Amino acid sequence: MKTVTFKLSAIALLMSAGAALAGPGAAGHGHGTETAYGKPGDPKKPARPVQVVMSEKDGKMTFIPDRIEIRRGEQVRFQLRNNGELDHELVLATLEENLKHAIEMQKNPDMEHDDPNAKRLAPKKTGEIVWAFTKPGEFDFSCLIPGHREAGMTGKVIVN
């Protein structure tokens, strides 16, 4: 029995070490971990609501607003609405991470996001992201569905 318990404990330890070493990865692929642009917020705590509308018109795709200013330490509840006719997503990260993730999306355009910093919405749907901005800087949010960022669907979060 001791051998079985030891083996199970060793397996659990190796699995947790592997998860810890994996870290946040591209575009925030880490639940609950702190990133360069903050960490997942606590939906039970107060948060400043920020409405973001996604849409497309005349060949241009947009976020409204496309520039958001936040105070360091502030928790924000991004209230997302897709007013367009196409699927759109909002992925919050550093510019470098989003550009890298966009390359991966080119290879796999139907990639599902189950990350606290990203939300994909079908037309006329709503969703939210709760995020705590713990570090100052300028960060990116983009729709990484192939062609959307290139059509203008990008914005900035400035944390002071």
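Because the structure is predicted, anything quoted here is derived from the model rather than measured.

With respect to the packing of aromatic side chains
In this description, a pair of aromatic rings is defined by centroid distance and the angle of the planes. Here the structure, examined in full by the defined rule, presents four aromatic pairs. Aromatic ring contacts, followed pair by pair, group Tyr-37, Trp-131 and Phe-139 into a single cluster.

Things to note about the side chain of Glu-89
Mapping Glu-89 onto the fold places it in strand β6 (residues 88–93). We note that Glu-89 is buried and unpaired, the nearest opposite charge coming from Arg-120 at a distance of 4.2 Å. At 3.1 Å, the side chain of Glu-89 and the backbone nitrogen of Leu-144 are in polar contact.

Remarks on the pairing of strand β3 (residues 60–64)
What you see with β3 is a clean split: Met-61 and Phe-63 sit on the buried side and Lys-60, Thr-62 and Ile-64 on the side with no burial. Relative to β3, strand β2 (residues 48–57) is paired through five bridges, and the arrangement is antiparallel. Along β3, the bridge assignment pairs Ser-55 with Thr-62.

Quick word on the pattern of salt bridges
For the structure shown, the criterion picks out nine salt bridges. Across the pair Glu-74 and Arg-48 runs a salt bridge whose closest N-O atoms are separated by 3.3 Å. Taken together, the residues Glu-74 in the loop between β4 (67–70) and β5 (75–82) and Arg-48 in strand β2 connect sequence positions 26 residues apart. Overall, the relative accessible area of 10% leaves Glu-74 in the buried class. In this structure Arg-48 comes out as partly exposed when scored by relative accessible area, which is 31%.

Here's the deal with the environment of Glu-34
Considering the arrangement of structural elements, one finds Glu-34 in the loop between α1 (2–22) and β1 (39–40). What makes Glu-34 partly exposed here is its relative accessible area of 39%.

Calculation criteria
- Residues numbered from 1 in each chain as written.
- Predicted model: local features only at pLDDT ≥ 70, side-chain atom pairs only at ≥ 80, totals over all residues.
- Heavy atoms only, no water.
- Phe/Tyr/Trp six-rings, centres within 6.5 Å; stacked < 30°, edge-to-face > 60°.
- Helix = DSSP H or I, 4+ residues; strand = E, 2+ residues; numbered from the N terminus.
- Buried < 20%, exposed > 50% of the residue type's maximum accessible area, 1.4 Å probe, protein only.
- Lys, Arg positive; Asp, Glu negative; His and termini not counted.
- Salt bridge = Lys/Arg side-chain N within 4 Å of Asp/Glu carboxyl O.
- Polar contact = N/O pair within 3.5 Å; in protein donor to acceptor, adjacent residues only side chain to side chain.
- Pairing = 2+ DSSP bridges.

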